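# Understanding the architecture of this molecule
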Amino acid sequence: KNEVEQSPQNLTAQEGEFITINCSYSVGISALHWLQQHPGGGIVSLFMLSSGKKKHGRLIATINIQEKHSSLHITASHPRDSAVYICAVRSGSARQLTFGSGTQLTVLP
Amino acid sequence: NAGVMQNPRHLVRRRGQEARLRCSPMKGHSHVYWYRQLPEEGLKFMVYLQKENIIDESGMPKERFSAEFPKEGPSILRIQQVVRGDSAAYFCASSPPETGGYEQYFGPGTRLTVT
């Protein structure tokens, strides 16, 4: 079993829909990251969380430490949101990140 | 403040050649991480360096791979005698010292193709 599990693996939505991507992890963590990777492009850090909830524009990230679960929400989705969304955790005293396998999001116009 | 820079962006090497990938961290960042993304796979940690020190290389293959982060200049990931299985995207990330790696900023990646 991977330390970081994401669901769904693939998600297709119509423009305007509310989207949720889930991330579960099995280890104690000190921080969780949500990252965005566009096709052929680099990686952008969207959020870094250790507790609670963060919001940036149409993006919202939440984390429940007790349940070892985080969600990334996109409100009023747009085709430009199409990308791979990756959950990554920093566990304990380790410095490096452990990544989920990513969720491929496609938003259709 | 320029972001994390990686070069080259694309690198083609024949089997048996050496590949050198460079990463210039953001200004003021003294921590560098290298990650590898194999085709159709997720990102995997390779090595974590601070200036002139390798802190954690638990994700590095035992042979042919090495990394350095000198006092001056970029961090270098070196792959000797490349094989087709080394074809991947290699990303580096940097973080400032005071956050202990909590915030990591990623570069655009180097896409290595071994022919």
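Below is a short write-up of the structure. None of these values were measured; they are calculated from a predicted model.

The next subject is the packing of aromatic side chains. Across all of its chains, the model carries 5 aromatic pairs over all chains by this definition. Consider the rings of B:Y35 and B:F45, whose centres lie 6.1 Å apart with planes at 65°: the pair is edge-to-face. One end of the pair, B:Y35, is in strand 4 (residues 31-37); the other, B:F45, is in strand 5 (residues 43-50), and 10 residues separate them in sequence. Residue B:F45 is classed as buried on the basis of its relative accessible area, which comes to 11%. Among the aromatic residues, those joined into a ring-pair cluster are A:F99, B:Y33, B:Y35, B:F45, B:Y48 and B:F106.

All right, on to the sheet that holds strand 8 (residues 75-79) of chain B then. Residues and elements named next belong to chain B. Spatially, 1-3-8-7 is the arrangement adopted by the 4 strands of the open sheet, whose pairing is antiparallel. A strand with exactly one partner marks an edge of an open sheet, and here the two such strands are strand 1 (5-7) and strand 7 (65-68). Ignoring which end each strand starts from, the neighbouring axes of this sheet average 15° apart. Where strand 3 (residues 19-24) and strand 8 come together, 5 bridges link them in antiparallel fashion. Residue pairing in the sheet places C23 in a bridge with S75 of strand 8.

Now for the sheet that holds strand 7 (residues 59-64) of chain A. Residue and element names in this part refer to chain A. Spatial ordering of the open sheet is given by 1-3-8-7-6, a layout of 5 strands whose pairing is antiparallel. Looking at the sheet topology across the chains shown, the edges are occupied by strand 1 (4-7) and strand 6 (52-56). Neighbouring strand axes in the sheet, compared pairwise and without regard to direction, differ in orientation by 15° on average. Note that strand 1 and strand 3 (residues 19-25) share 4 bridges and pair antiparallel. In the sheet register, V4 faces strand 3, and the bridge partner there is Y25.

A few words on the interface of chain B and chain A. Contacts between the two partners involve 20 residues from chain B, matched on the other side by 19 residues from chain A. Taken together, both faces of the contact between chain B and chain A bury some 1,600 Å²; the carbon and sulfur share is 58%. Counting the surface chain B buries against chain A, the share from its top three residues, B:L43, B:Y102 and B:F106, is 39%. Inspection of the region where chain B meets chain A yields 0 salt bridges. Here chain B and chain A share 3 residue pairs in polar contact (both at pLDDT 80 or more) between them. Elements represented by at least two residues in the side of chain B that touches chain A include exactly strand 4 and strand 5 of chain B. Ranked by the residues each element gives to the side of chain B that touches chain A, the list is headed by strand 5 of chain B, at 4 residues. Along the lines of polarity and charge, the residues of the side of chain B that touches chain A split into 9 nonpolar, 7 polar and 4 charged.

Rules of the game
Residues numbered from 1 in each chain as written. Chains lettered and ligands numbered in written order. Predicted model: local features only at pLDDT ≥ 70, side-chain atom pairs only at ≥ 80, totals over all residues. Heavy atoms only, no water. Phe/Tyr/Trp six-rings, centres within 6.5 Å; stacked < 30°, edge-to-face > 60°. Helix = DSSP H or I, 4+ residues; strand = E, 2+ residues; numbered from the N terminus. Buried < 20%, exposed > 50% of the residue type's maximum accessible area, 1.4 Å probe, protein only. Pairing = 2+ DSSP bridges. Axes fitted to C-alpha atoms, helices over the stretch in contact; angles between N-to-C directions. Contact = heavy atoms within 4.5 Å. Buried area = accessible area lost by both parts, 1.4 Å probe. Salt bridge = Lys/Arg side-chain N within 4 Å of Asp/Glu carboxyl O. Polar contact = N/O pair within 3.5 Å; in protein donor to acceptor, adjacent residues only side chain to side chain. Nonpolar A, V, L, I, M, F, W, Y, C, P; charged D, E, K, R; others polar.

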